[in-house]
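Remarks on the overall topology
In case you want the letters, here they are:
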Amino acid sequence: NAGVTQTPKFQVLKTGQSMTLQCAQDMNHNSMYWYRQDPGMGLRLIYYSASEGTTDKGEVPNGYNVSRLNKREFSLRLESAAPSQTSVYFCASGWTGGFTGELFFGEGSRLTVL
Amino acid sequence: SQQGEEDPQALSIQEGENATMNCSYKTSINNLQWYRQNSGRGLVHLILIRSNEREKHSGRLRVTLDTSKKSSSLLITASRAADTASYFCATGVMTTDSWGKLQFGAGTQVVVTP
């Protein structure tokens, strides 16, 4: 029962470097999400994928790209990291639409950009 | 801007006491959800209450929803040290693209001391 698995758990980047956060779920969920969590800000939606083959922007998409590789996997890419992207990133998945049901979260990926 | 805002920001209680936290929101919602986050971990769904419901129970949790006041409360009865965590409300809102979104507040940090 892995649920939602994110890799890596920790990463330190220099400004301008690129990296990809990986996410996989084994619950056969249709929808997948990427959030970032910053102190005092709650979680903010970066991108989501309603189903395999579709992706859409969320609240804070600038500086990020995503790929829904298949039904299980949804990756988040930072092409040119900036210090403002220092955050904890969470991947989530769910059975239904964007607001109608519960979300299942991964353990988070802690990213520091120097 | 955050849709849901929790109050208080922090709460410290002793084991056996009840913990109450509130969530206020600004626009009409489809549902309201509460999540728990232990330190350094991902969010875990606790309970979902729909806009046409007024109260819901799950174990030691009691959630109320007052749509006229645009507010919800989460009550944890007979708290335990293991309830120490941050608690987030999330409002499910329909959007023009019909997908909708789940908007998270900044959370209430609860510390339960033995």
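Cut-offs used in this document
Residues numbered from 1 in each chain as written. Chains lettered and ligands numbered in written order. Predicted model: local features only at pLDDT ≥ 70, side-chain atom pairs only at ≥ 80, totals over all residues. Heavy atoms only, no water. Disulfide = S-S within 2.5 Å. Helix = DSSP H or I, 4+ residues; strand = E, 2+ residues; numbered from the N terminus. Buried < 20%, exposed > 50% of the residue type's maximum accessible area, 1.4 Å probe, protein only. Phe/Tyr/Trp six-rings, centres within 6.5 Å; stacked < 30°, edge-to-face > 60°. Polar contact = N/O pair within 3.5 Å; in protein donor to acceptor, adjacent residues only side chain to side chain. Contact = heavy atoms within 4.5 Å. Pairing = 2+ DSSP bridges. Axes fitted to C-alpha atoms, helices over the stretch in contact; angles between N-to-C directions. Buried area = accessible area lost by both parts, 1.4 Å probe. Salt bridge = Lys/Arg side-chain N within 4 Å of Asp/Glu carboxyl O. Nonpolar A, V, L, I, M, F, W, Y, C, P; charged D, E, K, R; others polar.

On to the state of the cysteines, then. Any covalent bond linking the sulfur atoms of two cysteines counts as a disulfide. With the rule as written, the count across this model stands at 2 disulfides over all chains. With a sulfur-sulfur separation of 1.9 Å, Cys23(A) is cross-linked through a disulfide to Cys91(A). Between Cys23(A) and Cys91(A) the sulfur-sulfur dihedral comes to about -75°; the bridge is accordingly left-handed. Of this pair, Cys23(A) sits in strand E3 (residues 19–25) while Cys91(A) sits in strand E9 (residues 87–94), placing them 68 residues apart in sequence. Across this residue pair, the class does not change: Cys23(A) and Cys91(A) are buried. Sulfur-sulfur distance for the disulfide between Cys23(B) and Cys89(B) comes to 2.0 Å. Measuring handedness by torsion sign, the sulfur bridge of Cys23(B) and Cys89(B) sits at about 60° and is right-handed.

On to the packing of aromatic side chains, then. Summed over the entire model, instances satisfying the criterion amount to 9 aromatic pairs over all chains. Each ring, one from Tyr35(A) and one from Phe104(B), has its centre 5.5 Å from the other, and the planes form 85°; the classification is edge-to-face. With one member in each of two chains, Tyr35(A) in strand E4 (residues 31–38) and Phe104(B) in strand E10 (residues 101–104) form a pair that bridges those chains. We note that Tyr35(A), like Phe104(B), is buried. Ring centres of Tyr35(B) and Phe104(B) lie 5.4 Å apart, and the angle between their planes is 55°; this geometry places the pair in the tilted category. With Tyr35(B) in strand E4 (residues 31–37) and Phe104(B) in strand E10, the pair connects residues that are 69 residues apart, well separated along the chain. The exposure class of Tyr35(B) is buried, given its relative accessible area of 0%. The buried category is assigned to Phe104(B), whose relative accessible area is 2%.

All right, on to the side chain of Ser109(A) then. Residues and elements named next belong to chain A. Structurally, Ser 109 is set in strand E11 (residues 109–113). A distance of 2.7 Å separates a polar side-chain atom of Ser 109 from the backbone oxygen of Pro 8. Once residues within four sequence positions are removed from consideration, Ser 109 is found in contact with Gln 6, Thr 7, Pro 8, Lys 9, Leu 21, Ser 87, Val 88 and Tyr 89.

By definition, the strands of a sheet pair up through backbone hydrogen bonds, in either a parallel or an antiparallel sense. Residue and element names in this part refer to chain B. In space, the 5 strands of this open sheet follow the order E1-E3-E8-E7-E6, with antiparallel pairing throughout. The open sheet has two edge strands, strand E1 (5–7) and strand E6 (55–58), and neither has a second partner. For this sheet the average axis-to-axis angle between neighbouring strands, irrespective of direction, equals 20°. Two elements, strand E3 (residues 19–24) and strand E8 (residues 71–76), share 6 bridges in a ladder whose sense is antiparallel. Paired with Cys 23 across the bridge in E8 is Ser 72.

Our focus in this paragraph is the interface of chain A and chain B. Each partner contributes residues to the interface: chain A has 23 residues there, and chain B has 25 residues. Here chain A packs against chain B, burying approximately 1,900 Å² in sum over the two surfaces, 54% of which is carbon and sulfur. Where Glu107(A) meets Arg41(B), a salt bridge forms, and the shortest distance between an N and an O atom there is 2.2 Å. Connecting chain A to chain B are 5 residue pairs in polar contact (both at pLDDT 80 or more). Within the residue set of the side of chain A that touches chain B, elements represented by two or more residues are E4 and strand E5 (42–49) of chain A. At 4 residues, the largest contribution of residues to the side of chain A that touches chain B is made by E4(A). Considered class by class, the residues forming the side of chain A that touches chain B number 10 nonpolar, 10 polar and 3 charged.

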